[in-house]
Amino acid sequence: MLTAGRSEAAPVPTDPFLSTVDEITAWFASSPEKVDAALSGSEREGVLSRVAGINDAAAAGDRQALYAQQFLLDRIYRLHTTLPEQESAEGSVVVHEIGRMLETATSQAQDALVEPGLLDELPSEPRRYLSWLKQTARNHRVYKHPYYHEFIRNDATENDLRNYVMQESVVDGRFDDLLAMMQVGTAGAAKLEIASNFWDEMGNGDPAEVHTHLFNKIFEVFEIPEEELERSLSATSLLNGNLAVLLARYRALYGESVGFLGMTEWMAPDRFVQVVHAWERLGLPDVGITYHRLHITIDSQHAQGWFHNVVLPAAESPAMRRAIARGVLWRLNSSAAYLDERMPSAAA
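Note that the coordinates shown come from a computational prediction; the quantities given were computed from them, not determined experimentally.

## Things to note about the pattern of salt bridges
So, point 1. According to the stated counting rule, one finds 20 salt bridges in the structure shown.
So, point 2. Note that Asp111 is salt-bridged to Arg326, the shortest N-O span being 2.7 Å. Note that Asp111 is positioned in helix α5 (residues 93-111) and Arg326 in helix α16 (residues 318-342), a separation of 215 residues in sequence.
So, point 3. The class for Arg326 is buried, based on a relative accessible area of 18%.
So, point 4. The network of salt bridges with common partners includes Arg44, Glu45 and Glu97.

## Observations regarding the packing of helix α8 (residues 158-172) against helix α11 (residues 211-222)
So, point 1. Two numbers describe how α8 lies on α11: the axes approach to 10 Å, and their chain directions differ by 150 degrees. Judged on the interaxial angle alone, α11 and α8 are roughly antiparallel. Along this stretch, α8 crosses α11, giving a crossing that reads as left-handed. Facing Glu158, Leu161, Arg162, Val165, Met166, Glu168, Ser169 and Asp172 of α8, the residues of α11 in contact are Phe215, Ile218, Phe219 and Phe222.
So, point 2. For the contact of α8 with α11, the per-class residue count stands at seven nonpolar, one polar and four charged.

## What about the confidence of the model for the chain?
So, point 1. Looking at the chain as a whole, its pLDDT mean stands at 91, while 95% of the residues score no less than 70.
So, point 2. Of all helices and strands in the chain, the one with the weakest mean pLDDT is helix α17 (residues 344-347) (64), whereas α5 scores best (98).

## Topic: the environment of Val93
So, point 1. One can find Val93 in helix α5.
So, point 2. Placed 58 residues apart in sequence, Val93 and Val35 show a C-alpha to C-alpha distance of 8.6 Å.

## What to know about the nonpolar core
So, point 1. Grouped together as the largest cluster of nonpolar side chains are 108 residues, with contacts concentrated most on Phe28, Ile98, Ile152, Met182, Trp306 and Val311.
So, point 2. Setting aside chain neighbours within four positions, we find Ile152 in contact with Tyr147, Leu161, Tyr164, Gln274, Val275, Ala278 and Arg281.

## Quick notes on the packing of helix α1 (residues 16-25) against helix α3 (residues 42-59)
So, point 1. Between α1 and α3, the shortest axis-to-axis distance is 10 Å and the interhelical angle comes to 135 degrees. Viewed along their axes, α1 and α3 adopt a mutual orientation that is oblique. As α1 runs across α3, the sense of the crossing is left-handed. Across the interface between the two elements, Phe17, Thr20, Glu23 and Ile24 from α1 touch Val47, Arg50, Val51, Gly53, Ile54 and Ala57 from α3.

## Details of unusual backbone geometry
So, point 1. The residue Lys144 is not glycine, and still its phi comes out positive at about 50 degrees.
So, point 2. Inspection of the secondary structure puts Lys144 in the loop between α6 (126-139) and α7 (146-155).
So, point 3. Positive phi is not limited to glycine here, since Asn204 has a value of about 50 degrees.
So, point 4. By the element assignment, Asn204 lies in the loop between α10 (188-201) and α11.
So, point 5. The class for Asn204 is partly exposed, based on a relative accessible area of 47%.

## Quick look at the environment of Asn216
So, point 1. As for its position among the elements, Asn216 is in helix α11.
So, point 2. Given the relative accessible area of 35%, Asn216 is considered partly exposed.

Procedures and definitions
- Residues numbered from 1 in each chain as written.
- Predicted model: local features only at pLDDT ≥ 70, side-chain atom pairs only at ≥ 80, totals over all residues.
- Heavy atoms only, no water.
- Salt bridge = Lys/Arg side-chain N within 4 Å of Asp/Glu carboxyl O.
- Helix = DSSP H or I, 4+ residues; strand = E, 2+ residues; numbered from the N terminus.
- Buried < 20%, exposed > 50% of the residue type's maximum accessible area, 1.4 Å probe, protein only.
- Axes fitted to C-alpha atoms, helices over the stretch in contact; angles between N-to-C directions.
- Parallel < 35°, antiparallel > 145°, perpendicular 65-115°, else oblique.
- Left-handed = near helix turned anticlockwise from the far one by under 90°.
- Contact = heavy atoms within 4.5 Å.
- Nonpolar A, V, L, I, M, F, W, Y, C, P; charged D, E, K, R; others polar.
- pLDDT = per-residue confidence, 0-100.
- Core = buried A, V, L, I, M, F, W, Y, C linked by side-chain atoms within 4.5 Å.

Next comes the structure, spelled out in structure tokens:
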């Protein structure tokens, strides 16, 4: 399992993949104009060639390359999802080109995990299609994964839960922003459902109840600083977070986002029951588990509303049926890879 991360205090990496990542991310505190002026001609081609090398190695199964690929994509996404405190390379043509290379490679890797022909055999009737989505999830090995139902519930230590919440931050810690991005361009029942979901994430107007604020209370319980959080993220946790952002930000991938985020909410209540059980078993401070307790009920309601007000109307379209199913499968497969990696037997 890869857990190394980059920080300003980290030594100069000897790994060529991470050296390329450091070289590229060093530009991110410059303006787009400065970056694009500095990287032209042979310099640009050299950088793009090294990024292509990372993608090729990741596709061939190199775990360090996968980490470098997903770490770099995460840093590019931060340019688009956080407010800068200094100059930012957001808008750079070269950075955009690098990002698209990483996104394309990541998408191809996820599509390669989908059973050939599966997306060509979807039920056409919307309710039968919805039943197919749920049954596909129930039949997937990630459903009731032993990481939650055995390890977290019965065996996880305080340090295990501490590491768990750091990995989960890539999706749970910014779910409100994902909803905000994906709702652009929607209308009718779908837009209202997303808006209702978003308003719940906003604590229904109470700043103390905003869900990202409640999630961050866990970091306070475990005294997790930002630098440690960055160092601790694994390749597969970064992948899950990057897939969520990738699908939410592009209008052409709206259907995939519906499937990915809908499946995330549908699976959450059962998983969070196990986390709450472990938290109570260990006698940890009650303030840190409010987020998970709340989402056991809320995510169940959100998932049902999502299925009926977003998925069912969209399922009238063959293209949307395919896109939503693709997003569901990406979520199931990427979640399985992440949970397999987190099992103690995998780390032994």
